[in-house]
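Below are the chains, spelled out letter by letter.
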Amino acid sequence: NERRDRAPDCGWLAVERYVKEAMRISLNWLRDLVSITLSPAALADALTRAGFEVEDIEDRTTWADGVVVGYVTDRQPHPNSDKLSLCTVDSGAAEPSSIVCGAANVRADSYVPVAQVGTYLPIPDLKIKPREVRGVLSAGMICSLAELGLTKDSEGIHIFDSTELTVGADARPLLGLDDVVLDVTSTANRADALSLVGIAREVAAITGAQLKLPTAP
């Protein structure tokens, strides 16, 4: 009879045990399932002690700190450039700002994210300062999603769909940037923890916090 050698069961079990699965966990979503009072760093430390690996804490609130909702009240061609626009923008300050914009889709009567003077945008590593653009002073920047770290590329500025926004309000909640994301890895033998609900159960067990699982309709 032909004999075929095969690895003992303990061999493939050992391999499976060390295969890791990565997850990105939104703390805003996690809070919908479990009451969390720990800081992101403390939560990451608690998960690590429980056997998970938290490889990164992505604080998205820093990506657009100082970016507010602006309203473009007027858009005119730049007097010294065919490809630029001169926009008057109400961003909740005492006086409207004059902002030079190079995006083709900028238009009047639209709500947009505006990085005010003094804002630092970490993704493009850019500090917003008053500057002269082709002989016209520009005070602020109308942002694209790429400049806010939400996409790799953008064809133009971001225009909010809603027409009932408050000028000067923090733009981060409207962009999903009021969140912290944890990069968590778990071994494959912990299939019970390879989901948002699984992590919520783990956090509840670790901290004693109340679990608020969704119910089927």
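Now for a quick tour of the structure.

Conventions used here
- Residues numbered from 1 in each chain as written.
- Predicted model: local features only at pLDDT ≥ 70, side-chain atom pairs only at ≥ 80, totals over all residues.
- Heavy atoms only, no water.
- Helix = DSSP H or I, 4+ residues; strand = E, 2+ residues; numbered from the N terminus.
- Buried < 20%, exposed > 50% of the residue type's maximum accessible area, 1.4 Å probe, protein only.
- Contact = heavy atoms within 4.5 Å.
- Areas by Shrake-Rupley, 256 points an atom, 1.4 Å probe, with all protein chains shown as cover.
- Pairing = 2+ DSSP bridges.
- Salt bridge = Lys/Arg side-chain N within 4 Å of Asp/Glu carboxyl O.
- Phe/Tyr/Trp six-rings, centres within 6.5 Å; stacked < 30°, edge-to-face > 60°.

### A closer look at the overall build of the protein
What the protein contains, in helices and strands, is five helices and twelve strands. Across the 217 residues of the protein, 36% fall into the buried class. Restricting the contact set of the protein to residue pairs at least 6 apart, pairs at least 24 apart contribute 67%. Roughly 12,900 Å² of accessible area belongs to the protein as shown, and the carbon and sulfur atoms make up 49% of that amount.

### Remarks on the sheet that holds strand β5 (residues 97-101)
Reading across from one edge, β5-β4-β3-β6-β11 is the order of the five strands in this open sheet, with antiparallel pairing throughout. Each end of this open sheet is capped by a strand with a single partner; those strands are β5 and β11 (141-142). Alignment of strand β6 (residues 110-115) against β11, held across two bridges, turns out to be antiparallel. The residue of β11 that forms the bridge with Ala115 is Met141.

### Concerning the pattern of salt bridges
Tallied over the full model, the rule gives six salt bridges. Between Asp45 and Arg49 there is a salt bridge, with its nearest N and O atoms 2.3 Å apart. Placement of the pair is Asp45 and Arg49 together in helix α3 (residues 40-49), with a separation of four residues, close to one helical turn. On the accessibility criterion, Asp45 (41% relative accessible area) is partly exposed. Arg49 gets classed as exposed once you look at its relative accessible area, which sits at 63%. In this structure, Arg172 and Asp65 form a salt bridge, with 3.7 Å as the shortest nitrogen-oxygen distance. Taken together, the residues span a long stretch of sequence, with Arg172 in helix α4 (residues 172-175) and Asp65 in the loop between β2 (53-59) and β3 (67-77) at a distance of 107 residues. Taking the relative accessible area as the measure of exposure, Arg172 reaches 16% and is therefore buried.

### Regarding the packing of aromatic side chains
By the definition in use, this model includes one aromatic pair. Between Tyr71 and Tyr111 the ring centres are 4.8 Å apart and the planes differ by 50 degrees, which places this aromatic pair in the tilted class. Remark: Tyr111 occurs in strand β6 and Tyr71 occurs in strand β3; sequence separation between them is 40 residues. Under the relative-accessibility criterion, Tyr71 is labelled partly exposed at 21%.

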